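The chain contents come next:
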Amino acid sequence: MKPFGALCFIKNNMLRCIVLAIMMGCVTVCYMGALYMDNISEPFWIRYNKKIDNAYVYKNTSNNGAIEEQKELGTHIEDYLTEHVNKYMYIDMIGFDFTSIMGFNNNMGFPVFESVEDYKEFRNHTSMFPKDLEVKDGELVVSRMYANNVGIKDGDTIIYNKNAGKCDRVDEHTVRTSFVRLYKGELKARIIDVDGMLCTGVSKDYDGNDGCLFFYGTGDDKDKIENDIKKISDEINGKFKNLRAENNKLSRDDLNTQIGFMYSVLGMIIVVVGAVIAITVNATYAATYEKRKYEFSIYKALGFKRREIISKITKETIILNITGILFGTVVCTISVAILNNLLYERGLHFYSISSNGIIATVICNALVVIPVILLSFKRTAKYDVTAY
Amino acid sequence: MFELKDATMIYDIEKEEMVYAMKNINLSFPDTGLIGIIGPSGSGKSTLMYTMSTLKKLTEGEILYNGESVINISDSKRQHLRRDEFGFVFQRHYLVPYMTAVENVILAANDSIAKSKEKARNLLLEIGLREKELNKKPGKLSGGQRQRIAIARAMMNDPKVLFADEPTASLDHENAFLVMKKLKEYSKNRLVIVITHDASIIKDADKVIEIWDGTIANIKESV
């Protein structure tokens, strides 16, 4: 090992370097922040990040105007259909309140079909459900995460409660619902293992066409179906003020609007965290360099070029930084695994690697490391063995 | 080898009362031999060494090394001189605290690590360190042992000129004479410039230059 090499300093100053590496590794807290943020919307993205191949129209308000508009749309629905989007059906909607990873209450509507045939027809022409997912009459299929979150157990019987917005389980526990439209009868819950929030059911007790209107395409040209769905949705939203035609894109747009503010907050947090860590790390480096000023001065006196000294400092910083980031990554991975283990039973968990987390960590890390390296340029200029 | 022409160094040049560390010094140094520069504290001895070794720039005048000016040379030329042509022993030995004695000596070595280590070991043993002290860090060694490491480091690249600023300052008399004996041997085919305020240690010098208040007070050549 060359005495002038970066590793020599690290090897001989292990404790100090470990502290510096841990300080630099603290930037991975930004990853945890962004991971947390990403997981507010992740259950939605699993559903919305699919090709637009269906849309549903529901009443946006509870006033009479909405009912009138719904009737009018039902009367003239054929006028809105196109060559590629030529199918529609009326469905019920059900959706239980669930708690997001940030502790907020959210809701998401899921269709309940009148017959198994309707379900299969819809399933086969859209990407909303797994192609091999079978649902029997009287069954409510719920993903495990959703079920855990809202408190539904496998085999529970879900009964519509007269008190609006409530569903009862037969064991008399109550689960709150956000969406129950004209639902009657009962459904037996079956829990399945699929990603994210998913729920659907079939009930022959469905008794009317006042629920949601689903329209979808049946051809192979997915691009044209997507375009037509968008066009129809826009037309309906433009014409009927009390109705809302929703498709994946509109849902994504809504979500982006809502989540955008939170990401702005995240951005500010990253800057603050980055600045705090940068100031702390740079102050520690300044103290370290003050102790090493004789060392750097003698390097210059012995004929080392300034760029060689800067290169040595840069290498030391980068090695410590990479070590710190690796350490932080291990800590984050273990933390996420522990949190997931604790949260899974409650229907909450972190889904996957957060790309925003990686970007946030890289930005925060740059805020810390770049000043350290740039300041070393300035510091090396003043080291002078004749000055002490 | 070295020639100084009207070499002047002024500190605080922008202030009204300028401080002359060196004033119109004219000197020439041979290619080999032990040259002692003596004078009281603040007389300008160290400044003379710093300017000759390119660590400081003259305010006025000229210093020639092998006929070439060392005043306005490029950074790479200056680094070449400091690394390959000159060796330094400073008043404060400036050892890197986290490196062993051997590592400190090979710090700026030009040879391969293995070859340099072998040479460094021999140098350190020759100059009075013991085998068990070679892998100790400066903090575990006495002032005299540290100074010997600094001397070995200065000799590592076989410099043509060795500048030693108070090399025996932290040594007892016996060790001081041992070191000076080594430097005297070393000066047979090199130029060794020793700065000191102790006349007794440079009694064997080929030439002694006495400096007072930045000017040459006396030059004594040995017969």
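This is a predicted model, so every value here is computed, not measured.

Criteria and thresholds
Residue indices begin from 1 for each chain and proceed along its sequence in written order. For naming, the first written chain is A and the first written ligand is 1, with later ones following in the order written. In keeping with the model being predicted, local features are shown solely for residues with a pLDDT of at least 70 and side-chain atom pairs are shown and tallied solely at 80 or more, while totals for entire chains, interfaces and linings include all residues. Computation of side-chain values: all heavy atoms of the structure, hydrogens and water removed. Secondary structure elements are defined from DSSP: runs of H or I of at least 4 residues count as helices, runs of E of at least 2 residues count as strands, and each element is numbered from the N terminus. Classification of residues uses two cut-offs on accessible area relative to the type maximum, computed with a 1.4 Å probe and protein chains only: under 20% is buried, over 50% is exposed, and between them is partly exposed. Each polar contact in these results corresponds to two N or O atoms within 3.5 Å; when the atoms are within protein, one needs to be able to donate a hydrogen and the other to accept it, and residues that are neighboring in sequence are counted only if both atoms are side-chain atoms. Only heavy atoms enter the contact rule, under which two residues are in contact if any of them lie within 4.5 Å. Two strands qualify as a pair provided DSSP detects at least 2 bridges between them. Between N-to-C directions, angles span 0 to 180 degrees; the directions come from axes that are lines fitted to C-alpha atoms, helices contributing only their stretch in contact. For this quantity, the arc is that covered by the directions from the helix axis to the C-beta atoms. One number per residue, pLDDT, summarises how confident the predictor is, and it ranges from 0 to 100.

Student: Hey, could you go over the side chain of Glu139(A) for me, with residue numbers and the actual values?
Tutor: Residue and element names in this part refer to chain A. Assignment of secondary structure puts Glu139 in strand S6 (residues 139-143). Under the relative-accessibility criterion, Glu139 is labelled buried at 11%. Here Lys136 takes part through its backbone nitrogen, which lies 2.9 Å from a polar atom of the side chain of Glu139. When neighbours within four sequence positions are excluded, Glu139 is seen to be in contact with Glu134, Leu187, Lys188, Arg190, Thr200, Gly201 and Val202.

Student: Pulling in residues and values, what's your account of the sheet that holds strand S10 (residues 215-221) of chain B?
Tutor: Residues and elements named next belong to chain B. The strand order S6-S7-S8-S3-S9-S10 describes an open sheet built from 6 strands, whose pairing is mixed. The sheet is open, and its two borders are formed by strand S6 (86-89) and S10, each paired with just one other strand. Shown here is a sheet whose adjacent strand axes are inclined to one another by a mean of 15°, direction ignored. On the sheet, helix H2 (residues 75-85) packs against S6 and strand S7 (161-165) and is oriented at approximately 70° with respect to S6. The strands touched by helix H6 (residues 173-186) within the sheet are strand S3 (33-38), S7 and strand S8 (191-196), with S8 carrying the most contacts at an inclination of about 150°.

Student: So what's going on with helix H6 (residues 116-125) of chain A? Which residues, and what values?
Tutor: Residue and element names in this part refer to chain A. The complete set of buried residues in H6 reads Val116, Tyr119, Phe122 and Arg123. Down the axis of H6, the buried set is contained in an arc of 130°. They therefore lie on one face. In this structure, the buried side of H6 is in contact with strand S1 (54-59), strand S2 (87-96), strand S5 (110-113), strand S11 (199-202) and strand S12 (212-216).

Student: Lay out the confidence of the model for chain B in plain terms, naming residues and giving numbers.
Tutor: Across chain B, the average pLDDT comes to 90, with 98% of residues at or above 70. Interface predicted TM-score (ipTM) for the complex: 0.90; the corresponding pTM is 0.74.

Student: So what's going on with the pairing of S11(A)? Which residues, and what values?
Tutor: Residue and element names in this part refer to chain A. The alternating pattern of S11 places Cys199 and Gly201 and Thr200 and Val202 on opposite faces, both of which are buried. Across 2 bridges, the pairing between S5 and S11 is parallel. Its bridge partner being in S11, Phe113 is matched across the sheet by Val202. As defined by bridge partners, S6 adjoins S11 across 3 bridges and the pair is classed as antiparallel. Of the residues in S11, the one forming a bridge with Val141 is Thr200.

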